Amino acid sequence: MENKHIPEKLLTPYDPQSTEKRIYDAWEKSGYFNPDVCIQEGITKADAKPFTIVMPPPNVTGILHMGHAMMLAIQDIMTRYHRMKGEKALWIPGTDHAAIATQSKVEKEISKKEGKSRYDLGREEMLNRIHAFAQDSHDSIIAQVKAMGASCDWSREAFTLDETRTKAVYTMFKNMYDDGLIYRGTRVVNWDPKGQTTIADDEIVYEERKAKLYTFKYAKDFPIAISTTRPETKIGDVAVAVHPSDERYTAYVGKEYDMEFCGVPIHIKIIADESVEKDFGTGALGVTPAHSMIDSDISKRHNLPSIQVINEYAKMTLGGENILGKKTTEARETIVSWLRDEGLLEKEEEVNQNVSTAERTGGIIEPLPKLQWFIDVNKEFVLPESTLEGIASGSKTTLKQIMRTVVQNKQVTIVPEYFDKTYFHWIDNLQDWCISRQIWYGHRIPVWYKGDEIYSDIQAPEGEGWVQDEDVLDTWFSSGLWTFSTLGWPENTPDLATYHPTAVLETGYEILFSWVARMILMTGYGLGTIPFHTVYLHGTVRDAQGRKMSKSLGNGIDPIDVANKFGIDAGRMALITGTAPGTDSRIDENKIKGYKNFANKLWNITRFIITNTEGFEVDNEKNEYTEEDQILADEVRTLAIEVGADIDALRFHLASEKIYHYIWHRFADVILEESKEIFTGTDTAKISSRKQFLMNTLADTLKILHPFMPFVTEELWSIIPRNEANSQKLLIIESWPFLENHTH
RNA sequence: GCACUUUUAGCUCAGUGGUAGAGCGUUACAUUGACAUUGUAAAGGCCGGAAGUUCGAUCCUUCCAAGGUGCACCA
C-alpha cells in the first residue's frame, strides 16, 4: 500500500522522549492551564462551574519520587477531565519551605562538607545558604512537575514562604492571638537535642528498643520502691504517686520525706493519683515534673514544684561533680552504680521500650519544660461568619469542634471513608498545638517584646527598643492556610470568591493529621468555611517486593528515569491502574513497560485507521451508520459516560482500566480485525459507515484517554485528519465526548 | 492495650447480595501483520477459618487466625 499520506513519524514506533517535552511546551504556550485564558478565548463559559485543586506543595528538600508522580497524575487526571467538561478548572502549583526538614538538610550538608554548625555561620549567613539550596531544589522540582505532564496554572504558583503567603500567615497569627487562641506558656514539650528545637507530637517517630528497668528506693529509710528506665532524672523527683485504691501504700499517702539521692538533696511527698497503674512495676511512680508529660500533669494537679535537671543539650544541670554537666546516659551509669553500692537497687530487668525520636533529625526526644507558643484547641471563641453545618454564624465554638463537626456531618468527606474513624480517634486525643520552633528557616513569629510589653501584628511596632521573637513557626501553620493563601487571602480577591472552597484535596494518608486536619482548623477559624469538599487519600508507592522506596535501600524509581525510558504516560498509567485509594501499591518496570506497549498500540491503531480511511471525508451532518455500527457507537457513548462517572467518583483505577480495556481488547482486537473484512468486501454502505465510525471513535477514545495519557493522545490528535471547523487545535481543550448525554 | 485495615488465580491486585475478574507469569497454536511484536485459546480459585442473617453470602453481622497501619502506654 502507498503510504505517502501517512505522517512519517507514524511509520516508526511511538517515541515519548522526543514528544513529551515538545507537547508540554505547546500546552504552556497556549495558556490553557490558566482558566482565565480559557474564558477569554471562549473555550470555557465565564459562568461555568469552578473546579479547584491545590497541589500539596512538595518540600524544597530535594527531588520528587514516585509518590509525587502518582499524586500529580491523579490531580492532573481530575484537572484535565474537568477542563474538558467545560468547567473553570484551576490547579494551583506550589512548594513548601518545610522549615525543619530543609534547615536540617542544609545543616547536615554544611557540617559534612565544612565541619561547621549553624551557630558558626550565624543566622543571616545560614539563611542565605538555606535560601540558595531551596531555590535550587525548587527549580529542579518544578522541572520534574512539568515532566510529569501536570497541567497546573504556573501563573498562580505559590511558595509557603513568599510575600503573599507570609502576609497570610502573619494575619492569621494576629487574629488568633487577638482571640486568645494563641498563647505563650511554659509546658513540657518534645525537645529534640539534635535539632535544638521543639517538635510537635506528630513529628515523633517511635522506635522500639531494649531498655533496662531499674527498681530501687531513693534511700534506705524510704518506704516505697519505684521503677524507672531513666534513673538520672530522679534527682528531679518531687513526689511518689500511687493509685488511690492501692492498699499497699494507703498508709503512706500524705507523708513527706527529705533525703539525699546520689549526693542531691530531694524532698518527696507521697501522693495518690488516678493516673497511676497499680500493676506496672511496683505500682508507685516517681514523679519528675520537668522531664515527663504525664508527671507534669500530675504535679499540676497536686501543686508540686518542678525541678529541671537536664538541659537542651541532654546534659545534667544538677548534682555533684560526678553528675553535673555529664550526658544523661553517663549520669545514668553513675547513679545506677551508686544505687548498687548503697544496696538500694532491688531489681534490674530488660524491657521493650518505645523511644521517641525526631522524624527529621533522628534525635532522641527529651521532654523539657519550655516557654513556647501554642494554639489552644479547646478554648471557646465566637465564629462571626460561618457556613459550617452545625456551627451557626456568631455562635461559640472551639477549634477541636470545628475539626470534628465538618467531618462528622460529611461537609468534608474522606475517601476512603474508613479513614474518618482514624481522624476522630486523633481529634479526641488532641492536645494544644505547639507552633514555635527554635530554628531559623521559616516565618518568624510576629511578636515583639519591649520589657514586659508584648505586641503582635503583621509588622513591627513603631518606636525604639522592640525585639522580635527569635523563634519561627511550625511549617504546618503556613501549609494549613494553603487552600486560601494561594488564592490571595487575606485580600478579598476575585480568585478567592470564585475558587474557594476547593473541590478535592488529594494527598497521602500519612499527613491526614499534620496537614489535612490543620487545614480544616485554619479554614474553619479564618474563613468560617471548609477548605475542600473531598479529601482523597492515596497510598504509598512501594517497590515490586512491597518495600518502601528509600535511598538507603537503593530501590527507588526516579520518575524522570521512567519518563526517559518508557514515557511518563506509561508511568502514569502504571501508577493509577489497579491502585485503590488509601491502599499501598507496588510498581515495577514490567508494569510500566506494559503501558509503554499500550501507547505504541494506540499509535498503530491510528496508523491503521489513517491508512484505511485515506481520502475519506467525515461528514457527521449525515449520520449514515449501519445498524451494526450504531450499536458500536452506543458502546463508545456508554464508555465515555462510565469513565466520566468513575472519575467523578474518584475511582481512577477503574476509569483507566476501562478505557485501556476498550481500546486494546475491544476497539483493536475485535472492531479493527472485523473492519479488515469489511474493507476487503464490496458493500460500500458498510465500508463508509465503518470508516466514519473508526475515525469518530479514534477521536473519542483519544479524548477519553487524554486525562490519563496526555502526551501520546495530544500527539496523535495533531496527526489525525479532523474536521477543523468542529474541533480544537489542541486536544487539551476538547470537550469530553457525549457530554450532552450525561445525566446529572 | 485500643482502634482501623487487609486476607480473592503462581505473583500483584480489582470487584459484586444471584456459585468470580484484570495485568503479569505459565502452556499450546497462529502470525511478520496497523504492532521493536501481536492475536487466538488453555490451564489455574471450596474469594483466610467457623457460625449467623437471607430463598441465596466472596460481599452483611459476630467470633477466630495471620499480616499491616495509626494512637496510647512506655514509671
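This is a predicted model, so every value here is computed, not measured.

**Some words on the confidence of the model for chain A**
Close inspection of predicted coordinates is inappropriate for parts of the model with low pLDDT. Across chain A, pLDDT averages 91, with 98% of residues at or above 70. Reported confidences for the modelled complex are a pTM of 0.93 and an ipTM of 0.92.

**Quick look at the packing of aromatic side chains**
Evaluated as defined, the whole model comprises 32 aromatic pairs. Taken together, the ring pairs in this structure connect Phe-216, Tyr-218, Phe-222, Tyr-257, Phe-261 and Trp-338 into an aromatic cluster. A cation sits over an aromatic face here: Lys-146 above Trp-154, 5.2 Å from the ring centre. Sitting over the ring of Phe-679, Lys-691 keeps its end group 6.0 Å from the ring centre.

**With respect to the side chain of Glu-714**
With respect to the helices and strands, Glu-714 occurs in helix α22 (residues 710–719). Buried and unpaired, Glu-714 has Arg-80 as its nearest opposite-charge partner, separated by 5.6 Å. A distance of 3.2 Å separates the side chain of Glu-714 from the backbone nitrogen of Ile-732, its partner in a polar contact. With residues up to four places along the chain from it excluded, the contact list for Glu-714 reads Ile-23, Trp-27, His-706, Leu-730, Leu-731 and Ile-732.

**A look at the pattern of salt bridges**
Taken as a whole and assessed by the stated rule, the structure comprises 48 salt bridges. Across the salt bridge formed by Glu-380 and Lys-396, the nearest N and O atoms sit 4.0 Å from each other. Taken together, the residues span a long stretch of sequence, with Glu-380 in the loop between β14 (366–375) and β15 (381–383) and Lys-396 in strand β16 (residues 395–397) at a distance of 16 residues. Residue class for Lys-396 comes out exposed when judged on its relative accessible area of 56%. In this structure, the salt-bridge partner of Glu-589 is Lys-565, at a minimum N-O distance of 3.0 Å. Of this pair, Glu-589 sits in helix α18 (residues 589–612) while Lys-565 sits in helix α16 (residues 559–566); the two residues are 24 residues apart in sequence, bridging distant segments of the chain.

**Considerations on the protein's contact with RNA strand B**
The local shell around RNA strand B holds 40 residues, among which Pro-13, Ser-227, Thr-228, Asn-600 and Trp-664 are the closest. Glu-277 places a polar main-chain atom, nitrogen or oxygen, 3.2 Å from a base nitrogen of RNA strand B. With respect to RNA strand B, the side chain of His-665 contributes an N or O atom lying 3.3 Å from a phosphate oxygen. The element that contributes the greatest number of residues to the surface near RNA strand B is helix α20 (residues 652–680), accounting for 10 residues. For the surface near RNA strand B, the residue count by class is 16 nonpolar, 15 polar and 9 charged.

Cut-offs applied
- Residues numbered from 1 in each chain as written.
- Chains lettered and ligands numbered in written order.
- Predicted model: local features only at pLDDT ≥ 70, side-chain atom pairs only at ≥ 80, totals over all residues.
- Heavy atoms only, no water.
- pLDDT = per-residue confidence, 0-100.
- Phe/Tyr/Trp six-rings, centres within 6.5 Å; stacked < 30°, edge-to-face > 60°.
- Lys NZ or Arg CZ within 6 Å of the ring centre and 35° of its normal.
- Helix = DSSP H or I, 4+ residues; strand = E, 2+ residues; numbered from the N terminus.
- Buried < 20%, exposed > 50% of the residue type's maximum accessible area, 1.4 Å probe, protein only.
- Lys, Arg positive; Asp, Glu negative; His and termini not counted.
- Salt bridge = Lys/Arg side-chain N within 4 Å of Asp/Glu carboxyl O.
- Polar contact = N/O pair within 3.5 Å; in protein donor to acceptor, adjacent residues only side chain to side chain.
- Contact = heavy atoms within 4.5 Å.
- Near = heavy atom within 4 Å.
- Nonpolar A, V, L, I, M, F, W, Y, C, P; charged D, E, K, R; others polar.

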